[in-house]
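If you want the building blocks of each chain, they are given just below.
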Amino acid sequence: MSSQICRSASRAARSLLSASKSSNLLAEGRAVAAVAALSSRGKPFLSSFGNADSGNAYRGWLSGVLALPAAAYMMQEQELHATEMERTFIAIKPDGVQRGLIAEILSRFERKGFKLVAIKIVVPSKDFAQKHYHDLKERPFFNGLCDFLSSGPVVAMVWEGEGVIKYGRKLIGATDPQKSEPGTIRGDLAVVVGRNIIHGSDGPETAKDEINLWFKPEELVNYSSNAEKWIYGVN
């Protein structure tokens, strides 16, 4: 009987691990959890095994199997939570870098509760800057924008969090620092439009395009932060 139980546990383990990448895992995890609850209270499950020894073996088998969907279920929940989060592109422009404001700007996003998932420092070429500002190519200030963005180091970042696109723009402030509210990055740290320190995506499609332009997929990191349960209530 014990060897049969072990073989059954092995087959169940392989099945559960295989199922961990399917959309059925969540339902399966909940179903197994329900079985656990019944097993801990109910003798009917054990009666089919015939005696106390087989019942003990069954409980050992069940506890081992339950550990697999529980862990996989938690991982799946974390992955689903991560996919629900928005991502936005944020760049500290050459003036912000030269003025030593990198740490100040990062800290404002971190203190809000957003998560940094990609960062690098680069000096964009003029051609690259033109790709970044492609939607403004008909504007008279287009060349000036591209010249400035390619004039020195830029800190390119991807931040993640609920509402990070919209609220990231609020953290940044209005394009014209003179019209930015105190407490925003531009309102506190910038004076004129031509040196407004920072860029942030203005919508979901823009964020997607800018992230793809500045970062390769392998440069983006997926991870769970220990602070998330205190920020979002995820346990």
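Not measured: the values here are computed from a predicted model.

Rules of the game
Residues numbered from 1 in each chain as written. Predicted model: local features only at pLDDT ≥ 70, side-chain atom pairs only at ≥ 80, totals over all residues. Heavy atoms only, no water. Helix = DSSP H or I, 4+ residues; strand = E, 2+ residues; numbered from the N terminus. Areas by Shrake-Rupley, 256 points an atom, 1.4 Å probe, with all protein chains shown as cover. Salt bridge = Lys/Arg side-chain N within 4 Å of Asp/Glu carboxyl O. Buried < 20%, exposed > 50% of the residue type's maximum accessible area, 1.4 Å probe, protein only. Contact = heavy atoms within 4.5 Å. Axes fitted to C-alpha atoms, helices over the stretch in contact; angles between N-to-C directions. Parallel < 35°, antiparallel > 145°, perpendicular 65-115°, else oblique. Left-handed = near helix turned anticlockwise from the far one by under 90°. Nonpolar A, V, L, I, M, F, W, Y, C, P; charged D, E, K, R; others polar. Phe/Tyr/Trp six-rings, centres within 6.5 Å; stacked < 30°, edge-to-face > 60°. Lys NZ or Arg CZ within 6 Å of the ring centre and 35° of its normal. Pairing = 2+ DSSP bridges.

K.L.:
Even after reading the chapter, I still don't get the overall build of the chain, so can you show me in this structure?
P.N.:
Along the backbone of the chain there are 12 helices and four strands. Of the accessible surface of the chain, which amounts to about 13,600 Å², a share of 55% is contributed by carbon and sulfur atoms.

K.L.:
Explanation requested: the pattern of salt bridges in the structure shown.
P.N.:
Within the structure shown, the criterion is met by eight salt bridges. We note a salt bridge from glutamate 160 to lysine 115, for which the minimum N-O separation is 3.1 Å. Of this pair, glutamate 160 sits in strand E3 (residues 154-161) while lysine 115 sits in strand E2 (residues 115-122), and the two are 45 residues apart along the sequence. Lysine 115 matches glutamate 160 in its accessibility class, with the two residues each being buried. Here glutamate 219 makes a salt bridge to lysine 120, at a shortest N to O gap of 3.2 Å.

K.L.:
Help me out: how do you make sense of helix H6 (residues 102-112) in this one?
P.N.:
Each α-helix turn comprises 3.6 residues. Residues three or four places apart therefore point the same way. Burial in H6 covers these residues: Ile105, Leu106, Ser107, Arg108 and Phe109. Looking at the buried side of H6, the elements it contacts are strand E1 (86-92), E2, E3, helix H9 (164-172), helix H10 (185-189) and strand E4 (198-200). Taken from the residues just after H6, glycine 113 is the one with a positive phi, measuring 115°.

K.L.:
What am I meant to see in the packing of H6 against H9 here?
P.N.:
For any two helices packed against each other, the geometry comes down to the angle between their axes and how far apart the axes lie. Between H6 and H9, whose axes approach to 11 Å, the crossing angle comes to 135°. Here H6 is positioned oblique relative to H9, judged by the angle of their axes. Where H6 crosses over H9, the two elements pack in a sense that is right-handed. Where H6 abuts H9, its residues Arg108, Phe109 and Lys112 lie against Tyr167, Gly168, Leu171 and Ile172. Split into classes, the residues belonging to the contact of H6 with H9 amount to four nonpolar, one polar and two charged.

K.L.:
I'm lost on the packing of aromatic side chains in this one. Help?
P.N.:
Two aromatic rings are characterised by how far apart their centres lie and by the angle between their planes. Enumeration according to the criterion identifies four aromatic pairs in this entry. With centroids separated by 5.2 Å and ring planes inclined at 25°, the aromatic side chains of phenylalanine 109 and tryptophan 159 adopt a geometry described as stacked. Of this pair, phenylalanine 109 sits in helix H6 while tryptophan 159 sits in strand E3, and the two are 50 residues apart along the sequence. With respect to class, phenylalanine 109 is no different from tryptophan 159; both count as buried. These aromatic residues form a ring-pair network of at least three members: Phe89, Phe128 and Trp214. Cation over ring: lysine 112 sits above tyrosine 167, and NZ or CZ is 3.8 Å from the ring centre. Above the plane of the ring of tyrosine 223 lies lysine 115, whose end atom (NZ or CZ) is 4.7 Å from the centre.

K.L.:
How do you make sense of the sheet that holds E1 when you look at a structure like this?
P.N.:
Paired through their backbone hydrogen bonds, the strands of a sheet run either parallel or antiparallel. Ordered by their spatial adjacency, four strands build an open sheet running E2-E3-E1-E4, and the pairing between neighbours is antiparallel. The sheet is open, and its two borders are formed by E2 and E4, each paired with just one other strand. Direction aside, the axes of adjacent strands within the sheet are offset by 20° on average. With respect to the sheet, helix H11 (residues 204-214) is in contact with E1, E2, E3 and E4, its orientation differing from that of E1 by roughly 60°.

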